[in-house]
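So you can see what is in the structure, the chains are spelled out below.
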Amino acid sequence: MKITLYNLMQSMPIFQKLVVQPFPAKQAFLLARLTKKLDEEMTNFNDCRRELILKYAQKDANGEAIFENDSVKLMEGKEADFQKESIDLLNTEIELAITPIKLDWLENATLTPQEMATIEPFIEE
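Residues numbered from 1 in each chain as written. Predicted model: local features only at pLDDT ≥ 70, side-chain atom pairs only at ≥ 80, totals over all residues. Heavy atoms only, no water.

Enquirer: Got a sec to walk through the packing of aromatic side chains? Specific residues and values, please.
Expert: On inspection of all chains with the given rule, the structure shows 2 aromatic pairs. For the pair Tyr56 and Phe82, a centre-to-centre distance of 6.0 Å together with 70° between the ring planes defines the contact as edge-to-face. Within this pair, whereas Tyr56 is found in helix 2 (residues 25–56), its partner Phe82 is found in helix 3 (residues 79–90), the two being separated by 26 residues in sequence. (Phe/Tyr/Trp six-rings, centres within 6.5 Å; stacked < 30°, edge-to-face > 60°. Helix = DSSP H or I, 4+ residues; strand = E, 2+ residues; numbered from the N terminus.)

Enquirer: Give a description of the packing of helix 1 (residues 5–18) against helix 2 that names residues and reports values.
Expert: Contact pair helix 1 / helix 2: the axes reach a minimum separation of 10 Å and the direction vectors enclose 135°. Between helix 1 and helix 2, the interaxial angle falls into the category oblique. The two elements helix 1 and helix 2 cross, and the hand of that crossing is left-handed. Where helix 1 approaches helix 2, its residues Leu5, Leu8, Met9, Met12, Phe15 and Gln16 are matched on the opposing element by Leu31, Leu34, Thr35, Leu38, Asp39, Glu41, Met42, Phe45 and Arg49. (Axes fitted to C-alpha atoms, helices over the stretch in contact; angles between N-to-C directions. Parallel < 35°, antiparallel > 145°, perpendicular 65-115°, else oblique. Left-handed = near helix turned anticlockwise from the far one by under 90°. Contact = heavy atoms within 4.5 Å.)

Okay, structure coming up:
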């Protein structure tokens, strides 16, 4: 299955919400396994995003990124480059070797229509 890193990032909170809901044993196992694989990809994504931030961040005397109002301060004149690379990263497609979840597994799950639309690439009917 191919998804973008943006879709992965948007889906993670929904899967974290799902894995705390009760499911029959087989479904719970497959959901937990799926979530574990997604967590691994999110770790890789966050590592790349951290490197990107450090590449364009203003740094203090210790070489640490400077934050202001919970946002990184970017080097002057590099904002557009940072934005372009961030968008490119989010649009990167990754291949996931996962078993899609069945739509009927979510019959008793508490999800909004928006959440269902977000995780739709992970669902087969």
